[in-house]
Amino acid sequence: MGKVVAIANQKGGVGKTTTAVNLSASLGVLEQRVLLIDADPQANATSGLGVDPQSVTLGTYQLIEHQVNPKDVIIKTNTPNVWLIPSQIDLVAAEIELVDKERREYMLRAAISEIRDDFDYILIDCAPSLGLITINALTAADSVIVPIQCEYFALEGLGKLLNTIRSVQSIHNPDLDIEGLLLTMYDSRLRLSNQVVEEVKTHFQNMVFETIISRNVKLSEAPSFGESIVVYDATSQGAVNYLNLAREFLKNNTASTENSTAK
């Protein structure tokens, strides 16, 4: 059964979609079967993998509303071993329409249960909010990756997100783990970046990924070509960073599986 991982932070511009697209692509390069679910109405993960959101007729909105067979909304991307459930602006309506539904927090979880066996990993790119769609993603997930940019306001709102995760754990999904905090947009030349890294690692210790994502022009350019960084420029620092993250992610999950088996 595939592991479901949400990538979430209600703060915008921290590298959620960049991480969702490029971690998916890097895991694909490492021969894992990956499904990326775009759960953001802005649909940046969709366009980042070369799919025009304007052309999307079936996607995450229909999946959450249980209007379709989940397998009918999956698209094969040009990135090896990576599939996509795309998003478009209609997903905004789901926030309102879910309010009156019974078991509204479990809609995505129920839909994903039908396709989990088809993939090694299912990644969910969440919107920069703590609305019902993000709650659905956290309820559906086995774990969550939290990107944190190496800038002044890095820790602003992190406490609120961690409280939301704890709330989801206590009410909807007791098995939800924090996969790790991921430091992004790191610039070794800046004292501030180094201070943020030190502060986050001091406060959260083993919760922080060893891999740090550096600021990289190629990472910013790749989405405009509808490509992941490993397709756009496999030799760039960004590609190296995300491949290292994918290896660390797989290593952590292999160790976790072995520990569970030993118990």
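Once a new chain begins, its residue numbering starts again from 1 and follows that chain's sequence as written. Two thresholds apply to this predicted model, a pLDDT of at least 70 for residue-level local features and 80 or more for giving and counting side-chain atom pairs, whereas whole-chain, interface and lining totals are computed over all residues. Only hydrogens and water are removed before side-chain values are computed, so all heavy atoms of the structure are retained for them.

Engineer: How would you summarise the overall build of the chain if you had to cite specific residues and measurements?
Structural biologist: In terms of helices and strands, the chain carries 11 helices and 7 strands. Based on C-alpha atoms, the radius of gyration is set beside the globule rule, defined as 2.2 Å times the residue count to the power 0.38. Relative to the globule expectation of 18 Å for 263 residues, the C-alpha radius of gyration of the chain, 17 Å, shows essentially globular dimensions. Judged by the C-alpha coordinates and their principal axes, the chain covers about 50 × 40 × 40 Å. The 263 residues of the chain split such that 54% are buried. In the chain, the share of contacts with a sequence separation of at least 24, taken over all contacts with a separation of at least 6, comes to 78%. As used throughout, the charge tally considers Lys and Arg to be positive and Asp and Glu to be negative, leaving His and the chain termini uncounted. The atoms used to mark charge sites are NZ of Lys, CZ of Arg, CG of Asp and CD of Glu. Within the chain, one finds 21 positive and 32 negative side-chain charges whose respective centroids are separated by 5 Å. Runs of H or I in DSSP of at least four residues are treated as helices and runs of E of at least two as strands, each being numbered from the N terminus. Using a 1.4 Å probe on the protein chains alone, a residue whose accessible area is under 20% of its type maximum counts as buried, one over 50% counts as exposed, and one in between counts as partly exposed. Note on definitions: a residue-residue contact is assigned when non-hydrogen atoms from the two residues lie within 4.5 Å.

Engineer: Just give me the short version of the packing of aromatic side chains, but keep the residues and values in it.
Structural biologist: Note on aromatic pairs: each is described by the distance of the centres and the angle between the planes. Aromatic contacts are taken between Phe, Tyr and Trp rings whose centres are within 6.5 Å, Trp giving its six-membered ring; a plane angle under 30 degrees counts as stacked, one over 60 as edge-to-face, and the others as tilted. This structure, assessed with the given rule, holds 3 aromatic pairs. Centre to centre, the rings of Tyr121 and Phe249 are 5.0 Å apart; their planes meet at 65°, and the pair counts as edge-to-face. Residue Tyr121 is located in strand β5 (residues 121–126), and its partner Phe249 is located in helix α11 (residues 237–262); the two are separated by 128 residues in the primary sequence. Note on accessibility: Tyr121 and Phe249 belong to one class, buried. Between the aromatic rings of Phe225 and Tyr232, the centroid separation amounts to 5.1 Å while the plane-to-plane angle is 25°, which identifies the pairing as stacked.

Engineer: Before we move on, can you summarise the sheet that holds strand β4 (residues 82–85) with the specific residues and values?
Structural biologist: In a beta sheet, neighbouring strands pair by backbone hydrogen bonds and run either parallel or antiparallel. Pairing between strands is defined by DSSP: at least two bridges between the two strands are required. Across the sheet, which stays open at both edges, the 7 strands sit in the order β3-β4-β2-β5-β1-β6-β7 with mixed pairing between neighbours. Strands at the two margins of the open sheet, each flanked by one partner only, are β3 (75–76) and β7 (177–184). Pairing of β3 with β4, which is carried by 2 bridges, proceeds in the antiparallel orientation. If you follow Ile75 over to β4, its bridge partner there is Leu84. Contacting β1 (3–7), β2 (34–39), β4, β5, β6 (143–149) and β7, helix α1 (residues 16–29) crosses the sheet at an angle of about 165° to β5. Helix axes use the C-alpha atoms of the stretch in contact, all axes being lines fitted to C-alpha atoms, and the angles between their N-to-C directions lie in the range 0 to 180 degrees.

Engineer: Give a description of the packing of helix α6 (residues 132–140) against helix α7 (residues 158–171) that names residues and reports values.
Structural biologist: The N-to-C vectors of α6 and α7 enclose an angle of 60°; their axes lie 10 Å apart at closest approach. Taken together, α6 and α7 sit at an angle that is classed as oblique. The two elements α6 and α7 cross, and the hand of that crossing is right-handed. Residues Ile135, Leu138 and Thr139 of α6 form the contact with α7, whose participating residues are Thr164, Ile165 and Val168. In terms of residue class, the contact of α6 with α7 is built from 4 nonpolar, 2 polar and no charged. Each angle gets one of four labels, with under 35 degrees taken as roughly parallel, over 145 as roughly antiparallel, 65 to 115 as roughly perpendicular, and the rest as oblique. With the far helix as reference, a near helix turned anticlockwise by less than a right angle produces a left-handed crossing, and one turned clockwise produces a right-handed crossing. Ten residue types, Ala, Val, Leu, Ile, Met, Phe, Trp, Tyr, Cys and Pro, are classed as nonpolar, four, Asp, Glu, Lys and Arg, as charged, and the remainder, Gly among them, as polar.

Engineer: Which residues make up the pairing of β4, and what values do they have?
Structural biologist: In summary, the side chains of a regular strand alternate between the two faces of the sheet. Burial along β4 is two-sided: the residues Val82 and Leu84 and Trp83 and Ile85 are all buried. In this structure, β2 lies alongside β4, joined through 4 bridges in parallel fashion. By the bridge assignment, Leu36 is partnered in β4 with Leu84.

Engineer: Can you tell me about a nonpolar patch on the surface, naming the residues and giving the values?
Structural biologist: Patch criteria: residues need more than 30% relative accessible area and no salt bridge. Like-charged residues are merged within 9 Å; nonpolar side chains of Val, Leu, Ile, Met, Phe, Trp and Tyr are merged within 5 Å. Throughout, the Shrake-Rupley method with a 1.4 Å probe supplies accessible areas, and for residues the shown protein chains are the sole cover considered. Any Lys or Arg side-chain nitrogen found within 4 Å of a carboxyl oxygen on Asp or Glu counts as a salt bridge. Together, Tyr152, Phe153, Leu190 and Leu192 make up a nonpolar patch on the protein surface, roughly 430 Å² of accessible area in all. Examined against the element boundaries, Leu192 turns out to sit in helix α8 (residues 191–204).

Engineer: If you had to explain the side chain of Ser228 to someone new, which residues and values would you point to?
Structural biologist: Turning to its location among the elements, Ser228 is positioned in the loop between α9 (217–221) and α10 (229–232). Residues contacting Ser228, with those up to four places away along its chain left out, are Val21, Asn22, Ala25, Gly48, Thr79 and Ala222.

Engineer: So what's going on with α1? Which residues, and what values?
Structural biologist: With 14 residues, α1 should cover 20 Å at 1.5 Å per step; its first-to-last C-alpha distance of 20 Å lies within 8% of that length. Burial analysis of α1 places 12 of its 14 residues in the buried class, which makes it a mostly covered element. Among the residues of α1, those classed as buried are Lys16, Thr17, Thr19, Ala20, Val21, Asn22, Leu23, Ser24, Ala25, Ser26, Leu27 and Gly28. Just downstream of α1, Glu31 is the residue with a positive phi angle, here 70°. Helix span is expected to be 1.5 Å times the residue number reduced by one.

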